[in-house]
Every structure is written in structure tokens, then in C-alpha cells.
Amino acid sequence: MTRSPYSSSVSRRQFLALSAGAATTTALAAAGCSAPGDGVSTAEAAGEPDTSRTLTKIGLDYPFTQLPLYATLVKLSTAAAKQRDVSLLTTSDASSADTQATNLTTWVTQKVPAIVSFPMVFEATEAIAKRALDAGLIWVTYGGSLEHQSADIQFSFLKGGTLLGEAAAKWANEELGGKGKVAFLTDSTIQLGRERTKGMIDAFTKHAPGVDVVAQEQAIDPDTGLSKSRAVLAKHPDLNLILGVTDAAAYGGFKALQQTGRKATDAKTFVGGQDGAAPSLLAIKQGTFYRASAALAPQDIANAVVEVPLAVAAGKAKPSAQVPITLVGHGDTARIDDLLAQNV
Amino acid sequence: MTDPNLRIRGLAKSFGGVRALDGVDLTVPAGQVHALLGHNGAGKSTLIKCLGGAFPPDAGTIEVGGRSHTRLSPRESIAAGVAIIFQTLSVVDSLTVAENIFLGQEWTRYATVHRRAQEELAAGLLERVAASCSPRDRVGELPMGQRQLVEIAKALSRSASVLVLDEPTAALSGAESDALAERVEDLRTQGLAIVYVTHLLAEVERLADAVTVLRDGRVAHHSRVAGHTRRELVEAIVGRPEPLPHGLPAGASATEQTAASASADAVPRAPRLTVHGFRGPGFGPVEIEVAEGEIVGLYGLIGSGRTRILETLFGRRRASGGTVRVGERAVTAARPSDALAAGIALVPADRRRQGLFPLLSAQDNALLPTIRPLARRGVRALFAERRVFDTLSRAVGLRPARPRLSAAAFSGGNQQKLVLGRWINEARRVDVLLLDEPTQGVDVGARQEIYEVVSSLASQRGTAVLFASSDPEEVVALAHRCLIVSQGRITGELSGAQLTEAALLSAVHEAYGTTTMYSEGAA
Amino acid sequence: MTTATTAPARRPTPSPRALARGGLSTLRRHPLFVVLALMVLVFQLATGSFLDPGNLRGIATDAATLAIVAVPLALLVISGYLDLSVGSTLALGGLVAGWLAGQQHQSPAVAVLGALAVGATVGAVNGILCCYLGLSAFIVTLGMLTAVRGVAQQLFPLPLSSFGSGFAWLGGSRIAGIDAPVVIAALVLVAGALFLALTPSGRHVFAIGVNREAAYLSGIHIRRTPFALFVVTGVAAALAGAIKASVLDSVVAGTSGAGFELTVLTAVLLGGVALTGGSGSILGVLLGVLFLGCLQNGLTLLSVPTFWQQMAQGTALVAGAALAYFGPRLTR
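This is a predicted model, so every value here is computed, not measured.

Rules and cut-offs
- Residues numbered from 1 in each chain as written.
- Chains lettered and ligands numbered in written order.
- Predicted model: local features only at pLDDT ≥ 70, side-chain atom pairs only at ≥ 80, totals over all residues.
- Heavy atoms only, no water.
- Helix = DSSP H or I, 4+ residues; strand = E, 2+ residues; numbered from the N terminus.
- Buried < 20%, exposed > 50% of the residue type's maximum accessible area, 1.4 Å probe, protein only.
- Contact = heavy atoms within 4.5 Å.
- Areas by Shrake-Rupley, 256 points an atom, 1.4 Å probe, with all protein chains shown as cover.
- Rg over C-alpha atoms; globule rule 2.2 N^0.38 Å.
- Buried area = accessible area lost by both parts, 1.4 Å probe.
- Salt bridge = Lys/Arg side-chain N within 4 Å of Asp/Glu carboxyl O.
- Polar contact = N/O pair within 3.5 Å; in protein donor to acceptor, adjacent residues only side chain to side chain.
- Nonpolar A, V, L, I, M, F, W, Y, C, P; charged D, E, K, R; others polar.
- Axes fitted to C-alpha atoms, helices over the stretch in contact; angles between N-to-C directions.
- Parallel < 35°, antiparallel > 145°, perpendicular 65-115°, else oblique.
- Left-handed = near helix turned anticlockwise from the far one by under 90°.
- Expected span 1.5 Å × (residues − 1).
- Pairing = 2+ DSSP bridges.
- UniProt positions renumbered as here; feature names shortened; annotations may be inferred.
- Core = buried A, V, L, I, M, F, W, Y, C linked by side-chain atoms within 4.5 Å.

(A) Looking closely at the overall build of chain B. Looking only at helices and strands, one finds 19 helices and 22 strands in chain B. Relative to its 523 residues, chain B shows a buried fraction of 56%. Contacts in chain B between residues at least 24 apart in sequence constitute 67% of all its contacts with a sequence separation of at least 6. When the accessible surface of chain B is totalled, it reaches about 21,600 Å², and 50% of it is carbon and sulfur.

This is the structure we're talking about:
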């Protein structure tokens with residue numbers, strides 16, 4: 001784990017900066033993302049005397065309102081909640097940790113009976129979660145776990161990255177004989193991004209050590225993905241792989257490759273991302289060199305958002321949920337169609 | 001005899017190759033008033049600004065109270081004892097008199113402003129300048145003359161030993177000017193060295209102990225005042241010995257000349273501008289008729305409604321009744337563009353706020369409304385623009401005649417020529433020209449040129465000119481006929497031989513009565 | 001303050017020396033040119049591939065959308081106004097174009113015109129509120145930035161993609177070997193420069209920015225001209241959005257053009273346009289746009305780690321602004 005994942009071509013200065021970054025990532029990952037599904041933290045909740053509360057309201061606090069997943073998640077969760085006769089409240093945090101804290105505090109003050117929150121900064125949310133529990137509310141942590149919580153909904157962001165990194169490494173070994181050039185589009189601004197980045201880079205460099213890492217550039221949106229990939233391609237026109245921390249960024253890389261004259265079905269090129277975003281899924285389905293996406297099924301998440309608080313309210317023993325992440329590639333047509341159908 | 005309080009030696013300053021000051025010497029002993037005269041652009045403003053620390057001089061020394069400096073920052077200048085009262089006052093309208101006087105040097109007690117101590121001190125200072133306002137009055141509510149006294153009191157509070165007054169009477173009424181002159185005499189006896197910048201030779205004669213005339217950045221004339229005629233000073237300012245073709249506003253002979261030419265021109269001609277029953281907020285109803293080629297003055301004190309009448313005619317303000325005709329056509333001007341379309345143009349009094357585009361070039365300033373009419377199929381006619389500008393700059397005597405120089409770099413008189421040029425260039429058809437204080441802040445030489453331009457516009461192109469002024473000299477010099485404005489009404493008319501400074505002054509005194517001389521507000 | 005005319009006025013015909021001095025004065029007015037040249041030199045020496053045609057093409061294409069919006073925005077700033085809503089207008093324009101081309105199967109021309117119409121509408125709302133009702137442009141367009149983003153996300157919550165090969169023409173085709181967005185940007189730049197230099201309204205833009213009251217009293221349309229500029233800015237933002245949508249063959253309502261408004265404003269101000277209105281030039285804007293484009297690209301080429309890139313970008317911006325400010329004084 002602590003081995004530097006970067007190839008020997010990286011300069012000493014960069015190495016220092018990057019390994020410092022990697023150390024930070026490791027520390028944060030350890031702090032913020034405990035082993036999933038152990039259920040220890042929910043034991044107290046399960047042991048509470050009030051074991052059969054009926055929930056009428058669930059508050060879903062998903063801060064990244066600019067992401068397409070937000071709209072999908074709200075839609076699917078609302079539908080899932082309606083089936084269980086629960087109404088769903090949502091926040092509009094606009095990716096601002098301060099706004100998120102304000103909105104959550106409002107909910108706690110107003111005693112929204114169950115809160116499902118994806119904390120932008122886990123450490124900063126601990127106090128609010130404690131106040132929610134003290135007020136007798138249900139607190140479900142989304143995307144990680146807190147000390148004070150009723151239950152959590154876990155994803156392994158690290159695993160999503162790992163799945164993509166392994167698949168790309170396998171492809172590189174088979175199609176390129178273990179040689180070639182790879183560029184990573186990374187994110188080091190939020191915890192989720194750092195975990196995904198780490199999983200992706202560690203897995204790839206472990207399984208395909210012969211492939212040169214020529215770039216690691218911050219990019220989470222298609223615009224930035226495009227312009228960064230273009231710059232990398234100007235220096236390395238023979239680039240083989242672009243792996244993205246998001247599908248959106250990878251899609252920008254996909255377009256950059258095409259614009260430098262690469263055929264959409266080029267056999268020596270691999271682009272992969274994470275999220276299961278619609279444009280990327282379509283590109284995979286069409287058999288292009290966009291070959292893989294580590295995808296979460298929005299319906300699975302939506303179900304967990306409703307079922308986990310209900311399970312806590314009903315006093316179930318292990319209310320927490322682990323949402324599966326799978327890698328979608330060429331040939332997974334049925335799965336792609338299923339995912340696309342959820343994105344409505 | 002003590003050392004002179006202010007001694008400037010060999011001061012030089014250039015702006016991008018233009019020599020604004022070229023080795024100027026100026027010595028003002030304590031207890032003297034030294035008048036500083038000169039054409040606009042002669043270097044007076046630059047000299048004052050070097051003294052106040054706004055620009056560093058290129059060469060020379062400034063000696064105040066025995067200490068010599070090669071350059072001053074504004075703070076050092078104040079510390080050295082120099083106080084400059086600019087034309088545009090630097091008082092803060094929203095603060096009280098006392099707060100203004102102690103702005104930046106507040107008296108504090110327990111880390112808060114010691115208001116009472118400040119007000120007591122302010123009262124003393126106000127008494128010294130014989131101001132009638134209270135330390136607690138808001139400066140924004142005071143008449144202009146009182147604001148100026150507040151600024152002088154502020155200078156005294158900083159124990160200034162050198163006081164520079166930059167055209168102090170430009171915005172004052174006659175009575176206020178007289179009051180100010182008395183203050184200046186008081187301050188002289190209190191031992192201040194006073195530099196008095198002015199265009200008015202009458203003020204020089206009344207107040208000055210010595211006079212320096214600047215021309216083209218050099219000292220063109222220096223003397224004790226006694227024994228010198230106006231003519232000598234005027235020649236020093238203008239720099240040409242030959243008699244001027246048109247009367248000077250200051251000269252006694254000028255009045256006769258103008259009166260003669262006015263009566264010669266007073267052949268009845270078709271009315272160009274007819275204003276009937278014209279009313280608006282603060283004035284009216286008024287009746288005005290200006291014939292083709294006639295120059296009519298609106299004379300009155302600040303606040304009498306002169307400016308409002310002109311601005312309403314131009315559509316800057318809304319009229320509440322009456323009719324306006326240009327020739328035979330009835331005109332309703334809801335906005336300036338309507339007035340312009342009907343052939344009415346206005347040169348506003350507040351050049352800085354309403355007239356000039358300081359960042360833009362001289363040519364842009366002079367031709368702005370003309371660019372579109374000159375353009376062909378929406379594309380600017382660059383050659384035609386340059387030709388029109390060149391003709392115009394020759395006609396008005398623009399100095400320097402550089403089309404690309406930004407307007408901010410010109411002197412006040414030349415800026416006024418640019419604003420005026422906007423309406424009188426050959427490519428522009430203006431039937432009625434309205435001028436509000438056409439030579440405010442303009443020196444004697446440029447003033448004369450502006451009068452000549454306006455006169456020839458009227459005589460050669462038949463433009464009807466209606467101008468407002470609070471300066472009787474100006475009215476006599478420029479107008480064929482003059483309407484007396486008081487409290488929003490026209491109370492009298494003078495023309496021909498009746499039109500003299502004395503007649504104007506007595507007319508306005510009658511109209512106002514002596515007690516109301518101070519009552520005035522912003523125009 | 002005025003270095004505009006260094007050649008003596010009495011010289012009747014421009015001699016070679018006067019022309020050389022004219023060139024020098026252009027340099028003095030645009031010291032960013034020197035900064036840019038230095039930066040290009042450093043990047044070329046450090047990477048060896050900065051000046052490769054492929055890389056330059058990439059920079060040009062990236063800078064193109066920036067330039068398309070920067071030109072009308074610069075005119076707006078010169079006239080004393082401001083538009084901060086362009087980032088969201090860009091997103092909405094891209095979404096509408098993509099939706100028309102992809103889901104409605106309209107021709108590329110219809111798709112682009114649809115986007116432009118939406119941009120014009122946003123611009124008109126800005127213009128009416130700022131020019132005719134006299135509200136603060138800063139507040140109004142900041143509000144519109146959020147509101148238009150909301151409209152975009154409400155109408156198109158999901159990412160759009162696969163707009164068809166016809167629409168790809170806008171961002172992908174080459175005219176005489178130059179990418180279409182670059183050609184469009186060049187046209188916009190030339191049009192902007194000609195507008196300022198050769199049309200009466202171009203002069204009026206400056207006059208309104210310098211002294212609105214004096215412009216009004218000179219009979220200039222002090223509302224109509226800035227209003228038109230707001231509309232043109234909206235149209236340009238939507239056009240840029242359509243181009244980006246075409247290049248990426250996808251648009252995401254939430255992230256498209258996020259932060260774009262500040263990037264454009266940075267380019268405009270860096271190019272010497274004063275936020276107080278009344279001064280600026282299209283050449284300056286071009287330099288500002290290229291400066292940002294080269295900086296971003298060069299730092300990526302050097303593989304500078306993310307946070308170091310942010311530091312370097314911030315520092316370079318301040319340094320660029322400082323040189324642009326102090327440069328002319330030092331060379332005097």
C-alpha cells in the first residue's frame with residue numbers, strides 16, 4: 001500500500017509532492033472510510049427501546065447538486081419512498097460544505113425524523129450527527145461512516161477505482177503486451193475523489209507495471225477532461241489509456257482522442273471512467289474504445305436511502321446497507337440498458 | 001523682514017513631452033497676496049499641483065517656511081504648512097462643518113472623537129474666517145460661499161502658513177465674492193502667504209500685492225501691481241501686443257465695442273427660438289424669443305432658475321407646460337436626443353460631470369455626436385472626421401491641436417472648446433445653441449476666443465444663441481440682449497446701450513433685495 | 001497617463017521611424033504581450049513540445065470559446081456594465097442546442113439558432129433590468145447566474161449526449177485547416193475590433209463608459225447600446241455553449257460552464273479593460289485570452305501537481321496584472 005505507485009520517469013520534486021499527497025489520501029481514507037458492513041455502529045440503535053417507530057418523512061441530503069446523479073437519485077428515491085408511504089425531503093447544497101451544514105442544522109432543529117446525509121467533510125459533520133441522535137432522530141451516513149450515527153449506506157469508492165484499474169491493466173497486458181502510456185484524470189479535492197483516484201492508480205500500476213504513467217491531471221468535468229487530455233496528447237500522441245475518476249472527465253478524454261484523429265473503434269486505445277454516466281454507457285454500448293465504467297446502480301442507492309432509515313425505525317438488527325459497485329464493459333448490453341433505463 | 005514664506009525656484013514638469021512648467025520662480029512673503037494669472041494651459045494648475053504634492057516636479061525646489069524640498073507628497077505638503085483650496089472643493093457633504101474641519105486629525109478622548117472639543121475649536125476657526133454657519137451644520141446644506149470658508153477654516157486648523165486659492169470666486173455670487181475678498185484681506189493681515197489664482201483682473205487690482213503671469217509654462221510677467229494697467233497684464237497673458245479684434249470682458253472699452261456691435265446686429269430678423277408660457281419645476285412661466293443670429297443672455301444669480309430653463313429646453317428635465325418652437329416647428333423635447341433632433345444643443349455648466357469624456361481623445365470629444373451623421377452605411381468616415389476636427393480646432397484655436405491627446409490632458413479652456421465644438425463643427429446643424437456658464441473656469445485668453453467663436457457662429461451661420469451667466473462682464477461682452485432671471489421668472493430685459501455691468505448688477509439687486517443675497521441652493 | 005501619441009504631431013507623413021515608434025507604443029500599451037512571449041518561451045524551453053502544431057491547435061481550440069464570450073463582455077465592461085451570468089447561459093445554450101440536435105433530431109442550423117435565441121433571451125432580461133430599470137449589473141447578473149443554472153438543471157436534469165454527426169460539424173470540422181471554433185473566434189475578434197474602430201456605436205460605447213451623463217446630454221442612446229451589448233453577450237455565451245456541446249458531444253447541466261464567468265472576466269481585465277469602464281481594446285482581450293490558455297496548457301504539459309498548478313495560476317495572474325500595470329511606467 002505504501003509503495004509509490006509512480007513510475008521511475010517521474011522527477012524527484014514531483015515524487016516528493018505526490019507521495020506527500022498519497023500519504024494524505026491514505027490517512028483520510030483510513031479516517032473516513034471504515035470497513036463496510038460490520039454493523040457495529042448500529043448495534044446501539046438496534047438496542048433502543050423504541051423499536052417500532054413509524055416514519056413519515058425522510059430527509060435526503062446529497063450535496064453535489066450539479067451532478068446528474070442528483071436528479072436521478074432524487075427522482076428514484078422519491079418514488080421508492082412513495083411506495084412505502086413516506087415523503088422525501090431534499091436539500092440544495094450546491095456543493096458547498098457550509099450550505100450543507102446550515103441545511104442539516106435546520107433539519108435537526110425542525111426534527112426531521114430521519115436524515116440520510118452524504119457529508120462533504122466527514123469530520124465537520126460529526127457534531128451535527130450527534131445533535132441529531134441526541135434529539136432522537138435517525139441519522140444515516142451516506143458514502144462512509146461517522147462515530148455518531150444510526151446506520152450507514154456504504155460504497156467502496158476505493159473498490160470502484162480498483163475495479164477500473166484492474167480491468168484497464170488486464171487489457172493493457174493482453175492488447176499492448178504490458179507496454180504503453182497511460183494518463184489519469186484524477187481528483188484530489190474531495191474525499192470521494194481521493195479514494196477513487198487511489199484505487200484506480202494503485203490497481204493499475206500494480207497489475208501493469210510496464211505501462212508508463214505520463215500524466216496525472218485534476219479533472220472531474222468533461223471540459224477540463226478534454227483540454228487536459230489534449231495537452232497530454234500534444235506531448236504524447238501515442239497515448240494508449242485514459243482513466244478517469246469520473247465518467248464525465250473520461251468522456252472529455254474520449255473526445256480529445258477522437259479529435260486527434262483516433263478512430264472510435266481503435267483497438268489500441270482504452271478509455272475508462274467511474275459513475276455509470278449515460279454518455280459513457282452509450283459509448284461503451286456502441287463498441288467504441290470507451291471500454292469500461294465502474295458503475296453504481298442508482299436504483300440500488302435509492303432503495304437503500306429509503307430502506308435503511310425504515311430498518312432503523314423498525315428496530316432491525318443490521319440496518320446498514322452496502323451498495324454494490326460493478327464494472328460495465330463491452331458485452332454487458334443488458335446491464336447497460338438496465339442502468340440507462342434508471343437514468344430517466 | 002522675515003524670510004519669504006514660499007519660495008519656488010526653477011520648477012519644471014513635463015507630461016509625455018509636453019512642457020507644462022519650464023523653470024518657474026515664485027516668491028510670496030508672509031502677509032502678501034500674490035496673484036497668479038495665465039491662460040488655461042499656461043501651467044497654473046500644474047504649479048499648484050506640484051505644490052500640493054499631486055505631481056512630483058522634474059526639477060527645481062519648493063521652499064516653505066525656510067525648509068527646502070525637491071518634491072512633496074500630499075501629506076508632506078500639508079505638514080509643511082501648505083493649504084490648497086481647489087475650485088472643486090474637497091469637503092465631504094454628508095459630514096458636519098466641525099467633522100470636515102478635523103477630518104483626518106480628529107480630536108479624540110478615550111479613543112473616540114471628542115465632539116464637543118472639536119465643535120468649540122471649529123467655532124473659533126469659523127469666527128476667524130467670519131463664516132455664518134454653525135459647526136454642526138451639514139456641509140451639503142450650506143451655500144457654496146460658506147463651504148469655501150469651511151475649507152479655509154480647515155486649512156487654518158492645520159496651521160497653514162501658505163494658502164493657495166484656485167479661482168475661488170468662480171462658483172460664487174457677487175455678494176459672496178465680496179465677502180471672500182474681505183476674508184482674504186483679513187488672512188493677509190494675519191500673516192499668511194496667499195497665492196491667489198484667478199482670471200478676473202478686477203480681483204487682482206483689489207487684492208493682490210504682486211502678480212505673476214504664466215505663459216507656456218514660463219513666467220511671462222512679474223511685478224508689483226501698482227502702476228500697471230489691465231492692458232499690460234492682458235498682453236502678458238495673451239502674449240500678443242496688437243489690439244484684440246473684440247472687446248475683452250475686463251476692459252472698459254470692450255463694453256462700448258460690444259454694445260456698438262450689438263446695436264449694429266440688432267436688425268430684426270425672423271425668430272429662431274420662440275418659448276411661450278414655458279414652465280417646469282422651479283421656474284416659469286417664461287417668455288423667450290431669440291432671433292436668427294441673435295445672442296441672448298440669461299443673467300441671474302446661482303439658483304435663480306437659469307440652468308433649469310436651459311436644461312428643460314434641452315429635455316434634460318421635464319417641462320410642465322408651455323410651447324417651444326424652433327423656427328415654425330413646435331418641439332417637445334422629452335429627452336436630449338429629441339432636442340438635438342430638433343436642432344437644439346446645450347453646453348452644460350458642469351464640464352467635468354456633464355460635458356467632458358476625460359479618457360477619450362480630443363477628437364472623440366469634439367465629434368462624438370457627429371460621428372454617426374458623418375458615417376456612410378454605418379461605417380465611420382475616418383478621413384472626414386479628421387478633416388472636420390482640423391477645421392474645428394483651427395476655428396476655436398485649440399491648444400495643443402492634437403486630435404489623439406486625451407481630453408483630460410487639456411486645460412479647462414481648451415476642454416470647453418472641445419465641448420463647444422461638439423455642436424458648432426461644420427458637420428453639425430444646430431439652430432439653437434444653449435450655453436450654461438460658457439466660460440466657467442476658463443481663463444481670459446480662452447474666454448475671449450470662445451466669445452469670438454460664439455459671435456461668429458451667430459453672425460455667419462445664423463444660429464440663435466441663448467446663454468446663462470452669473471458674470472455681468474460676460475453678459476456685456478457676449479450678449480446682444482439680456483433677460484434678467486430671478487426666482488424662476490424673467491424680471492427684466494436690457495439691450496443696446498442699457499446693457500452695462502452696472503445696470504445688470506442693479507437689476508439683479510432690485511430683483512432679489514439685499515436680504516436674500518445669500519439664499520441660494522444648487523442650480 | 002497618455003502614451004497614445006508618441007510621434008510628434010507636426011510630422012505630416014508617417015516616416016519609418018514614426019511607424020516603429022507607433023509599434024513601440026502599441027507594445028507599451030499592451031505589456032501583456034511581452035509577458036505572454038516570455039511565458040511561451042519558458043514553456044517551450046521547459047517542455048520542448050509547447051510550440052508543436054498539435055499543441056498550439058489545442059490551445060487555440062480551448063481559447064476559442066473564451067474569446068467568443070470575452071469580446072462582447074469586454075464591450076459591455078467598456079460601456080460600464082458587467083455580465084456575470086455567462087457561465088450559466090453557456091450551459092443553457094449548449095443544452096438547448098444538444099437537445100434540439102440530439103433528441104429532437106433537428107438540423108444543426110436549427111439547433112444552433114435555438115441556442116442563440118435562448119442566449120438572446122437571457123441577455124435581454126439582463127439588459128432590461130440593468131439598462132432600462134437601472135438596477136446594479138453586478139447583482140442582476142449574479143442573480144441570473146444562479147437562476148439560469150437552476151432553469152438549465154430543471155429542464156435537463158440528465159446529461160445529454162450523441163448529437164449526431166451533423167452537429168459535430170460546429171466543433172469538429174476544419175476550414176482551410178483551422179478548426180471551426182477558432183475560425184468563429186477569429187471572426188468575433190475581428191468583428192469586435194472593427195465595431196470599436198469603425199462604427200459610430202463603437203465610439204459611443206466608450207463615451208457611455210467614461211461619462212454616462214455627458215453621453216446622454218450628447219444625444220447618445222445610453223440605454224439602447226448597452227442593452228444590445230447584453231443581448232450580444234448572451235448570444236455569444238450560448239454560441240460558446242453550443243460549440244462546447246458539439247466538441248464534447250455531450251452536455252451536463254450542472255457542471256457545464258461552471259466558473260466560466262470568472263475566467264472570461266479575468267481574461268478581459270487582464271487584457272487591460274478597466275472595470276470602471278471607458279477603456280480597453282480587443283487586442284488586449286485577445287492577449288488576455290491567450291495568456292490564460294497558454295498558462296493552463298503549459299502547466300499541464302509540465303505535469304505540475306494540482307495544488308501547485310493552482311498556486312502557479314494564481315501567482316501568474318497577479319504577476320501578469322502587475323507587469324501590465326507597472327510595465328509602461330518602467331519603460332517610460
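(B) Main features of the overall build of chain C. From N to C terminus, chain C includes 14 helices and four strands. The globule rule puts the C-alpha radius of gyration for 332 residues at 20 Å, and the 21 Å found for chain C is close to it. In terms of overall dimensions, chain C has C-alpha extents of about 65 × 55 × 40 Å along its principal axes. In chain C, the proportion of contacts linking residues at least 24 apart, taken out of those at least 6 apart, comes to 76%. A total accessible area of about 13,400 Å² is found for chain C, and carbon and sulfur atoms account for 71% of it.

(C) Up close: the interface of chain B and chain C. Contacts between chain B and chain C engage 33 residues on the former and 27 residues on the latter. Overall, the association of chain B and chain C removes approximately 2,600 Å² of surface from exposure, summing both partners, and the carbon and sulfur fraction of that is 62%. Across the chain B-chain C interface, the total number found is two salt bridges. Salt-bridge contacts for Glu213 of chain C lead to Arg316 of chain B; the nearest nitrogen and oxygen are separated by 2.7 Å. Our count for the chain B to chain C interface comes out at 10 residue pairs in polar contact (both at pLDDT 80 or more). Contributing elements (two or more residues each) for the side of chain B that touches chain C: helix H11 (336–341), helix H12 (351–355), helix H14 (371–374) and helix H16 (412–424) of chain B. Per-element accounting of the side of chain B that touches chain C gives the leading share, four residues, to H12 of chain B. Among the residues forming the side of chain B that touches chain C, the class breakdown is 17 nonpolar, six polar and 10 charged.

(D) Just the packing of helix H3 (residues 68–83) of chain A against helix H11 (residues 298–313) of chain A, in detail. All names here are of chain A. The geometry of H3 relative to H11 is characterised by a closest axis approach of 8 Å and an angle of 50° between their N-to-C directions. Regarding the angle of H3 to H11, the classification is oblique. The way H3 lies across H11 gives a crossing that is right-handed. Contacts between H3 and H11 pair Leu69, Thr72, Leu73, Leu76, Ser77, Ala80 and Ala81 from the former with Pro298, Gln299, Ile301, Ala302, Asn303, Val305 and Val306 from the latter. For the contact of H3 with H11, a count of residues per class yields 10 nonpolar, four polar and no charged.

(E) Up close: helix H5 (residues 108–132) of chain C. Residue and element names in this part refer to chain C. Compared with an ideal rise of 1.5 Å per residue, which puts 25 residues at 36 Å, H5 spans 35 Å between its outermost C-alpha atoms and is within 8% of the ideal. Within H5 the residues assigned to the buried category are Ala111, Val112, Gly114, Ala115, Gly119, Val122, Gly123, Asn126, Gly127, Cys130 and Cys131. The inward-facing, buried residues of H5 contact helix H4 (86–103), helix H6 (137–155), helix H7 (165–172) and helix H11 (224–248). Immediately downstream of H5, the backbone of Gly134 shows phi near 75°, a positive value.

(F) How the structure looks around the interface of chain C and chain A. Between chain C and chain A, the residue contacts involve 36 residues of the former and 31 residues of the latter. Taking both partners together, chain C and chain A bury about 2,900 Å²; carbon and sulfur atoms supply 56% of that area. In this assembly, chain C and chain A are joined by three salt bridges. In this structure, Asp223 of chain A and Lys244 of chain C form a salt bridge, with 2.8 Å as the shortest nitrogen-oxygen distance. Put simply, chain C and chain A have seven residue pairs in polar contact (both at pLDDT 80 or more) between them. Counting only elements with at least two residues in the side of chain C that touches chain A, the list comes to helix H3 (53–78), strand S1 (160–161), H11, helix H13 (282–301) and helix H14 (306–331) of chain C.

(G) Just the pairing of strand S4 (residues 59–64) of chain B, in detail. Residue and element names in this part refer to chain B. Where strand S1 (residues 6–15) meets S4, five bridges bridge the pair, whose relative direction is antiparallel. Directly across from Ile8, in S4, lies its bridge partner Ile62. Two elements, S4 and strand S5 (residues 67–69), share three bridges in a ladder whose sense is antiparallel. When the sheet's bridge partners are listed, Val64 is paired in S5 with Arg67. Where S4 folds back on S5, the antiparallel hairpin that results is connected by two residues, among which Gly65 adopts a positive phi of roughly 55°.

(H) Expanded view of the UniProt feature "transmembrane region" (unreviewed entry) in chain C. Residues and elements named next belong to chain C. Under the UniProt annotation, the feature "transmembrane region" (unreviewed entry) is placed at residues 32–51, 63–82, 110–143, 178–198, 227–245, 251–275, 282–301 and 307–326. For the annotated span residues 110–143, helix accounts for 88% and strand for 0% of the residues, and the straight-line distance between the end C-alpha atoms is 29 Å. Structurally, residues 178–198 is divided into 90% helix and 10% strand, and its ends, taken at the C-alpha atoms, are 27 Å apart.

(I) Main features of the nonpolar core. By size, the foremost hydrophobic cluster in this structure holds 206 residues, and its most contacted members are Leu433 and Leu466 of chain B together with Phe167 and Phe291 of chain C. The element best represented in this core is H3 of chain C, accounting for 15 residues. Leu433 of chain B has contacts with Ala345, Val347, Leu420, Trp423, Ile424, Leu457, Thr463, Ala464, Val465 and Leu466 of chain B, leaving out every residue within four places of it along the chain. Counting 36 residues, the second largest nonpolar core, distinct from the first, contains Leu60, Val74, Val116 and Ile138 of chain A.

(J) Examining the sheet that holds strand S21 (residues 481–486) of chain B more closely. Residue and element names in this part refer to chain B. Within the open sheet, the six strands sit side by side as S18-S19-S20-S15-S21-S22. Their pairing is mixed. Across the chains shown, the open sheet's two edge strands, defined by having one partner strand only, are strand S18 (344–347) and strand S22 (489–495). Looking at each pair of strands side by side, their axes are set apart by 20° on average, direction ignored. When strand S19 (residues 432–436) meets strand S20 (residues 464–469), the two strands line up parallel, connected through five bridges. Residue Asp436 lies in a different strand from S20, and its bridge partner there is Ala468. Here H16 sits on the sheet and contacts S18 and S19; the angle it forms with S18, its principal contact strand, is near 180°.

(K) Just the pattern of salt bridges, in detail. All names here are of chain B. Inspection of the entire model under this criterion finds 38 salt bridges over all chains. Notably, a salt bridge pairs Glu185 with Arg206, separated by 3.8 Å at the nearest N-O pair. Pair noted here: Glu185 is in helix H6 (residues 174–189) and Arg206 is in helix H7 (residues 201–207), with a separation of 21 residues, a long-range link. When its relative accessible area of 24% is taken as the criterion, Glu185 is described as partly exposed.

(L) Quick peek at the sheet that holds strand S17 (residues 329–330) of chain B. All names here are of chain B. Here we have four strands laid out as an open sheet, ordered S14-S13-S16-S17, and antiparallel in their pairing. Each edge of the open sheet is held by one strand with a lone partner, namely strand S14 (283–291) and S17. Here five bridges tie strand S13 (residues 271–280) to strand S16 (residues 321–326), and the two strands are oriented antiparallel to one another. Counted as the bridge partner of His276 is Thr323 from S16. In this fold helix H10 (residues 306–313) packs onto S13, S14 and S16, with an angle of close to 70° to the strand it touches most, S14.

(M) Local environment of unusual backbone geometry. Residue Arg399 of chain B is joined to Pro400 of chain B through a cis peptide bond whose omega torsion reads -10°. With respect to the helices, strands and loops of the structure, Pro400 of chain B is situated in the loop between helix H15 (382–396) and H16. Notably, Asp85 of chain A is not glycine yet its phi reads approximately 60°, a positive angle. Topologically, Asp85 of chain A is positioned in the loop between H3 and strand S2 (87–90). Within the chain, Ala94 of chain A stands out as a residue other than glycine whose phi angle is a positive 50°. Position of Ala94 of chain A relative to the elements: it lies in the loop between S2 and helix H4 (97–109).

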